[in-house]
Amino acid sequence: MLVAENEEKELEKERVVNESVPPLKLSGLSVQELQELCKELHQKLDVVDEMRYDMQVKVNKNENEIVSLKQKIIELKGIKKPSLKRVKKTTDDMLGAYIDASKLKKADFKANLKTVKKEDDKKEEVTDWRKNVEALSGMEGRKKLFTAGQ
């Protein structure tokens, strides 16, 4: 399909060129006649370049006009973005709006945790050392130390 289109375009180009520019007959021409032919072809090229330049200027002018008209249309329509309002929602509320609540599981992290039993180590009770010193002073205190050691 593309090959056929390309061939059609090539044939169209050849047809247009053959209509606008007749084939050159260079055989049997003198140097003077060849120079005159070159001058004529050069003048024709100048005319074609001028036309091409004029067409390009018109195209650019039309493109700029289209852009400016589009901007005017936008200004006339007055497209304004609405101011956004702050909405306070929890993640569960937002997910619930998009997903069916029956399909959504709430994350219960504590249910999946292992239970660990704490073993209370027997720790000596720390008391104020000043009370201990007063209780153990004198002969009674030494007797308590002696009986506690046995």
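Above this text is the structure in question.
What is the right way to read the overall build of the protein from this model?
From N to C terminus, the protein includes five helices and zero strands. Among the 150 residues that make up the protein, the fraction classed as buried is 1%. A total accessible area of about 16,500 Å² is found for the protein, and carbon and sulfur atoms account for 57% of it.

Please clarify how helix H2 (residues 31–77) should be interpreted in this entry.
An α-helix turns once every 3.6 residues. As a result, residues three or four positions apart point the same way. Here H2 spans 69 Å end to end across 47 residues, near enough to the 69 Å set by a 1.5 Å rise per residue. Of the residues one or two after H2, Gly78 is the one with positive phi, at around 70°.

Is there a simple way to think about a nonpolar patch on the surface in this case?
On the surface, a nonpolar cluster with roughly 310 Å² of combined accessible area is contributed by Leu24, Leu26, Leu29 and Leu34. Note that Leu29 resides in the loop between helix H1 (2–20) and H2. Exposure remark for Leu29: the relative accessible area of 32% places this residue in the partly exposed category.

When you look at the pattern of salt bridges in this model, what are you seeing that I'm missing?
Under the defined criterion, the tally for this structure stands at three salt bridges. For Arg15, the salt bridge identified is with Glu12, shortest N-O distance 2.4 Å. Remark: Glu12 and Arg15 occur in helix H1; sequence separation between them is three residues, near one turn of the helix. The salt bridge involving Arg15 is made with Glu19; its shortest N-O contact spans 2.8 Å. With a gap of four residues between them, Arg15 and Glu19 both fall in helix H1, about one helical turn apart.

About the thresholds
Residues numbered from 1 in each chain as written. Predicted model: local features only at pLDDT ≥ 70, side-chain atom pairs only at ≥ 80, totals over all residues. Heavy atoms only, no water. Helix = DSSP H or I, 4+ residues; strand = E, 2+ residues; numbered from the N terminus. Buried < 20%, exposed > 50% of the residue type's maximum accessible area, 1.4 Å probe, protein only. Areas by Shrake-Rupley, 256 points an atom, 1.4 Å probe, with all protein chains shown as cover. Expected span 1.5 Å × (residues − 1). Patch = residues over 30% accessible without salt bridge, like charges linked within 9 Å, V, L, I, M, F, W, Y side chains within 5 Å. Salt bridge = Lys/Arg side-chain N within 4 Å of Asp/Glu carboxyl O.

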